[in-house]
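The lines below spell out each chain.
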Amino acid sequence: GVHDVFIDSDNLVDLDCLFDIVKFRVGEVIVWLSGQLLTRPWCVGEIVSAKLTHNRLMVVYCENFVPIQLEDVADVRCLLDESTCQLSN
């Protein structure tokens, strides 16, 4: 069958809207695990939104993907590229 495709770069202006699209209008999410994916707040937000709403996730691992280390989770600011967003305190 024919399916619509949404690419997150279509809407990076309003992240709340982007996360709502993932939650309510996307049935399946393909996570392309590249080296920089987990440093991009909107990508992390999309993955979390998809997981919380039980969307199906398909994961594609790239050679340059580096998993997050447990000690890095304590300070999420060291993981994210803050130049691309403004984090609340």
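All of the points below concern the structure found in this document. (Residues numbered from 1 in each chain as written. Predicted model: local features only at pLDDT ≥ 70, side-chain atom pairs only at ≥ 80, totals over all residues. Heavy atoms only, no water.)

A look at the overall build of the protein
Scanning the protein from N- to C-terminus turns up three helices and two strands. The secondary structure elements of the protein, listed N-terminal to C-terminal, are α-β-α-β-α. Taking all 89 residues of the protein together, the buried fraction comes to 25%. Of the contacts formed within the protein by residues at least 6 apart in sequence, a portion of 67% connects residues at least 24 apart. Approximately 6,800 Å² of the protein is accessible, and the part contributed by carbon and sulfur atoms is 55%. (Helix = DSSP H or I, 4+ residues; strand = E, 2+ residues; numbered from the N terminus. Buried < 20%, exposed > 50% of the residue type's maximum accessible area, 1.4 Å probe, protein only. Contact = heavy atoms within 4.5 Å. Areas by Shrake-Rupley, 256 points an atom, 1.4 Å probe, with all protein chains shown as cover.)

Looking at the nonpolar core
Grouped together as the largest cluster of nonpolar side chains are 13 residues, with contacts concentrated most on Val29, Val31, Leu33 and Leu37. At the level of elements, helix 1 (15-24), strand 1 (28-33) and helix 2 (41-52) are the ones that each hand at least two residues to this core. Setting aside chain neighbours within four positions, we find Leu37 in contact with Val31, Trp32, Cys43, Val44 and Ile47. (Core = buried A, V, L, I, M, F, W, Y, C linked by side-chain atoms within 4.5 Å.)

Things to note about the layout of surface pockets
The volume enclosed by the largest pocket comes to roughly 740 Å³. Every element with two or more residues in the lining of the largest pocket is listed here: helix 1, strand 1 and helix 2. Of all the elements, strand 1 adds the most residues to the lining of the largest pocket, at five residues. Here the residues of the lining of the largest pocket sort into 13 nonpolar, two polar and six charged. (1 Å grid on protein atoms, 1.4 Å probe; cavity = no way out; pocket = protein on both sides within 12 Å on 5 of 7 lines; lining within 4 Å. Points joined across faces, edges and corners; volume = space filled by probe spheres on them. Nonpolar A, V, L, I, M, F, W, Y, C, P; charged D, E, K, R; others polar.)

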